[in-house]
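Results of the structural survey
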Protein chains: 2
Amino acid sequence: MKQPQITIIATGSEITAGRSIDTNSGWIANRLFEEGWKVRNFIALPDNPKTILEELMHLKRKAENDPDNPVLAIMTGGLGSTEDDYTLQTVLDLQNKEKEVVEKARIKLQRFFESRGKSYSDILPAMLRQVYVPSGSYTLDNSAGIAVGFAEEIAPSSFLVCMPGVPSEMKEMFNRRLLPFLKRNYGIENLKQATRWVWSIGESLFQEEFMKNQKDLLSAGMDWGVTAQKGYIKAIFNASDESLLNEVVLRIRNFYKELCTEDVFTEVHESLSLSGKSLAVAESCTGGLLGAKITDIKGSSAYFLGGAITYSNDQKVSLLGVSEDTIAKYGAVSTETCSEMADGLSDRTNADYSLSITGIAGPDGGTDEKPVGLVWIGRKEKGKPSETFRYLFPGNRETIRENAANTALFLLHQILPERKIK
Amino acid sequence: MKQPQITIIATGSEITAGRSIDTNSGWIANRLFEEGWKVRNFIALPDNPKTILEELMHLKRKAENDPDNPVLAIMTGGLGSTEDDYTLQTVLDLQNKEKEVVEKARIKLQRFFESRGKSYSDILPAMLRQVYVPSGSYTLDNSAGIAVGFAEEIAPSSFLVCMPGVPSEMKEMFNRRLLPFLKRNYGIENLKQATRWVWSIGESLFQEEFMKNQKDLLSAGMDWGVTAQKGYIKAIFNASDESLLNEVVLRIRNFYKELCTEDVFTEVHESLSLSGKSLAVAESCTGGLLGAKITDIKGSSAYFLGGAITYSNDQKVSLLGVSEDTIAKYGAVSTETCSEMADGLSDRTNADYSLSITGIAGPDGGTDEKPVGLVWIGRKEKGKPSETFRYLFPGNRETIRENAANTALFLLHQILPERKIK
């Protein structure tokens, strides 16, 4: 089948005014990449029917004039019930069509109103607009909300897809409804994917020291991408031939050893959930960020006890029992203080695993001997002596703090029992 | 002067593959909005010279065919030294021009190399590419890096502006070099702006109950936008006539009273920094998020002591001295527990201000009586009894936690002395 030139369109004046960031387009591009399609471009447009129609006309003409290169335009937003939701009307103008009601969705809307003790006649006309599509469209049900999505053929084999801008509704609709439609129309062999994380390394070094030596796999049909995270990089490999992926995973593991992991955050969560072991944290320069990351995952209450935010030296002494002498002699950012933080935390919480962080996040407070970015991370398993690890993280305050919190979880990951049955 | 149709273009395959989010375009749109220009659309393109040239040709033809509506295209990325940086070559092709060196920038690059003990001849050709522009371009100096930006006239009064994709370099270049150029070519009266935050309210209610009654100001030339944050909305008003802004600020204050604030996070920081008072936090469902937000601001060590993350009930008892009976009788999410958390924190840290948070972030753990989203926030000023506030926050786990942490700072803001001399 002919592969489409894919354009992703986000509508919303809040985006083009810079008041809000469009995350839908990136999510869609990523999902398409996972399924083996590459995106040609993104477009973001204000809630202005004239501008939107102009862009859609341009895409339609392009598709009509060049039938060998079908166009797939995936648009989000503008399907809601407020006066600046223009998508349906614009597509009707583009296609010179009438609208038609999607009866299943209309009944859902009616039941929703009735369940709130209101009658059907209370439904505002604007509200009702959400259950209409251009007549003859391929409809995309919304299992997470009201507004119905749809796909319109704008030229032979070329489609304009419209979905709501609410991320939870769009994602459900994409996975459950749109993807099967795309596979039917532009189906390609199913790509397989492997992802590995590599810690304490940047994108360019990874390219230089590892990817340069994978030319054989690349020329055999493997595709790859790398994305810099805070404290690690995420390397993604795509291929239809699974043996290429097995080979690259073997090589990356042999090359980076314990620095190469799978998703550390998920595996830490799974391991602690399964083993019934508990975790506590003592944070200085991260000020709560590590705890916030851990508790960001639902179900973390099964193992996370809590801990202490000891931003000031006094609190290191009073909340964790770090000795005043230690701080005076070695400083708050030192292996000694870091170690006593982990020990004190372990004593006070009785946690199976205790993590401590103390460092200089900047932009002020650095010296020649202890520069901005210097961070000590402590790790203690109950009943064993604590260990500390010294890092010098690059970047600004935010980057240093993110690096420190992520790396602490990496260090915990290293000593956890096998995460799951593989 | 004729106002341009503004298109912002981001280049980078990491963007169109969904591996990285383009924040430059939003930043530029926001700055342009502040200066009184509105953006027509955003485009994101992969590092593919053919695709980039196609888009630029399309814009150039549009500008040529419709001289009454000049085009301003502002493009970021692709000016670096790696093999996927195609911007310069693409613009040369578009304009049918030769490149020329920017001598000032070349010397800067040479000095940079010499300062690192390398000779000029070590500079790779790819490196050198960064100091070239199309001949006759209007150049935009880079005070934060090497790559030079430029503006090319693609049709009468229509310009294509190219800037580096590194945010720090782009922002410097935009403010210091591009803005004066734009004002000269498309100068408009300077708009004034006012921003107010309104707490515990959504965008649509704000529109319904407040903005609907501002039609007189809108028809007199005021422009506005609103963006939903977690726990509050941010309302932005633009006008060239400052008296319109004074009037709307007066009205919004009278309408929302103490729920209407300026930037709470900055004001809390300023107030505590100036007054020398200290702050501590005790967090349950937010797990460290409040501490992380506070310490996200540089200089927060001047007043932030730290505190306790008491995710489990045991830690509420052992770290904060909450009574076991209280938790057994009223539950961990109750005004009683919340109040004892704030009191215990205050006793242990001796902070001037203590904040406590306990709630149900979900998705599990809710009951009819205590549903997901129920959060108690405690506030204590040293020497005074603690107060607690009950909230029922909408949304998912992440939203509930963000709401809770932001609202705690709002509650602190309410009792702080005047932030600054106005």
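Reading guide: rules and limits
Residues numbered from 1 in each chain as written. Chains lettered and ligands numbered in written order. Predicted model: local features only at pLDDT ≥ 70, side-chain atom pairs only at ≥ 80, totals over all residues. Heavy atoms only, no water. Contact = heavy atoms within 4.5 Å. Buried area = accessible area lost by both parts, 1.4 Å probe. Salt bridge = Lys/Arg side-chain N within 4 Å of Asp/Glu carboxyl O. Domains from an automatic or database assignment. Helix = DSSP H or I, 4+ residues; strand = E, 2+ residues; numbered from the N terminus. Buried < 20%, exposed > 50% of the residue type's maximum accessible area, 1.4 Å probe, protein only. Phe/Tyr/Trp six-rings, centres within 6.5 Å; stacked < 30°, edge-to-face > 60°. Lys NZ or Arg CZ within 6 Å of the ring centre and 35° of its normal. Pairing = 2+ DSSP bridges. Axes fitted to C-alpha atoms, helices over the stretch in contact; angles between N-to-C directions. Least-squares fit on C-alpha atoms with pLDDT ≥ 70 in both. 1 Å grid on protein atoms, 1.4 Å probe; cavity = no way out; pocket = protein on both sides within 12 Å on 5 of 7 lines; lining within 4 Å. Points joined across faces, edges and corners; volume = space filled by probe spheres on them. Nonpolar A, V, L, I, M, F, W, Y, C, P; charged D, E, K, R; others polar.

Right, let's get into the interface of chain B and chain A. Facing the 61 residues of chain B at the interface are 60 residues of chain A. Both sides together, the interface formed by chain B and chain A hides about 4,500 Å², and carbon and sulfur atoms give 54% of it. Contact with chain A buries surface across chain B, with R19, R40 and I309 of chain B losing the most and accounting together for 14% of the total. Taken together, the links from chain B to chain A amount to four salt bridges.

Under the domain assignment used here, chain A contains domain 1 (5–186), domain 2 (192–261) and domain 3 (264–415). Between domain 1 of chain A and domain 2 of chain A, the C-alpha centre-to-centre distance is 35 Å.

The subject of this paragraph is the environment of S278 of chain B. Residues and elements named next belong to chain B. Among the secondary structure elements, S278 is positioned in the loop between α11 (264–275) and β13 (279–283). Note: C-alpha distance between S278 and N350 (72 residues apart in sequence) is 8.6 Å. In this structure, S278 is in contact with Y303, L305, N350, A351, D352 and Y353, ignoring residues within four places of it in sequence.

The subject of this paragraph is unusual backbone geometry. At the junction of G362 of chain A and P363 of chain A, the peptide bond is cis and its omega measures out at 5° in the coordinates. Counting through the fold element by element, P363 of chain A comes out in the loop between β15 (353–359) and β16 (374–381). One non-glycine residue with positive phi stands out, namely N350 of chain A, at about 60°. Within the fold, N350 of chain A resides in the loop between α15 (335–349) and β15. One non-glycine residue, N96 of chain B, lies in the positive phi region at around 55°. Within the secondary structure, N96 of chain B sits in the loop between α4 (87–95) and β4 (99–101). A relative accessible area of 72% means that N96 of chain B is categorised as exposed.

Now for the packing of aromatic side chains. Considering all chains together, one arrives at 36 aromatic pairs over all chains under this definition. With a centroid separation of 5.0 Å and 85° between ring planes, the pair formed by F159 of chain A and F181 of chain A is classed as edge-to-face. With a gap of 22 residues between them, F159 of chain A in strand β8 (residues 158–163) and F181 of chain A in helix α7 (residues 167–186) connect regions that are remote in the sequence. Between F255 of chain B and Y256 of chain B the ring centres are 4.8 Å apart and the planes differ by 70°, which places this aromatic pair in the edge-to-face class. Given the relative accessible area of 41%, F255 of chain B is considered partly exposed. Taken together, the ring pairs in this structure connect W197, W199, Y232, F265 and F410 of chain A into an aromatic cluster. Geometry around Y132 of chain A places K99 of chain A over its ring, the cationic atom sitting 4.7 Å from the centre.

The next thing to look at is the sheet that holds strand β10 (residues 223–228) of chain A. Residues and elements named next belong to chain A. A sheet is described by the order of its strands in space; here four strands give the open sequence β10-β11-β9-β12, paired in antiparallel fashion. At either margin of the open sheet sits one strand with a lone partner, and together these are β10 and β12 (260–261). Relative to strand β11 (residues 232–239), strand β9 (residues 192–199) runs antiparallel, the two sharing eight bridges. Counterpart to K192 in the pairing with β11 is A239. Along the sheet face, helix α16 (residues 397–415) touches β9, β11 and β12 and points at about 100° away from the line of β9.

Here the focus is the relation of the copies chain B and chain A. Take chain B, turn it by 180°, move it 0.5 Å along the axis, and it overlays chain A with an RMSD of 0.6 Å. When the rotation and shift are considered jointly, the pair of chain copies conforms to a two-fold rotation axis. Most of the interface of chain B is mirrored in chain A, where 97% of its interface residues again form contacts.

On the basis of which strands lie adjacent, the open sheet formed by 12 strands has the order β6(A)-β7(A)-β8(A)-β3(A)-β1(A)-β2(A)-β2(B)-β1(B)-β3(B)-β8(B)-β7(B)-β6(B) and mixed pairing. The open sheet has two edge strands with one neighbour each: β6 (138–140) of chain A together with β6 (138–140) of chain B. Ignoring which end each strand starts from, the neighbouring axes of this sheet average 20° apart. Sheet strands in contact with α4 of chain B are β1 (5–11), β3 (71–76), β7 (149–155) and β8 (158–163) of chain B, and its direction is about 25° off that of β7 of chain B.

Moving on: empty space enclosed by the protein. Across all of its chains, the model carries three cavities of 30 Å³ or more by this definition. Around the largest cavity sit 19 residues that line it, and D22 and F42 of chain A together with I15, D22 and F42 of chain B are the ones nearest its centre. Sorting the residues of the lining of the largest cavity by element identifies α2 (24–35) and β2 (39–45) of chain A together with α2 (24–35) and β2 (39–45) of chain B as the ones contributing at least two each. Tallied by class, residues from the lining of the largest cavity come to 11 nonpolar, six polar and two charged. By volume, the second largest cavity is sized at about 120 Å³. Lining the second largest cavity are 16 residues; nearest its centre among them are I43, E55 and H58 of chain A together with E55 and H58 of chain B. Only β2 and α3 (49–65) of chain A together with β2 and α3 (49–65) of chain B provide two or more residues apiece to the lining of the second largest cavity.

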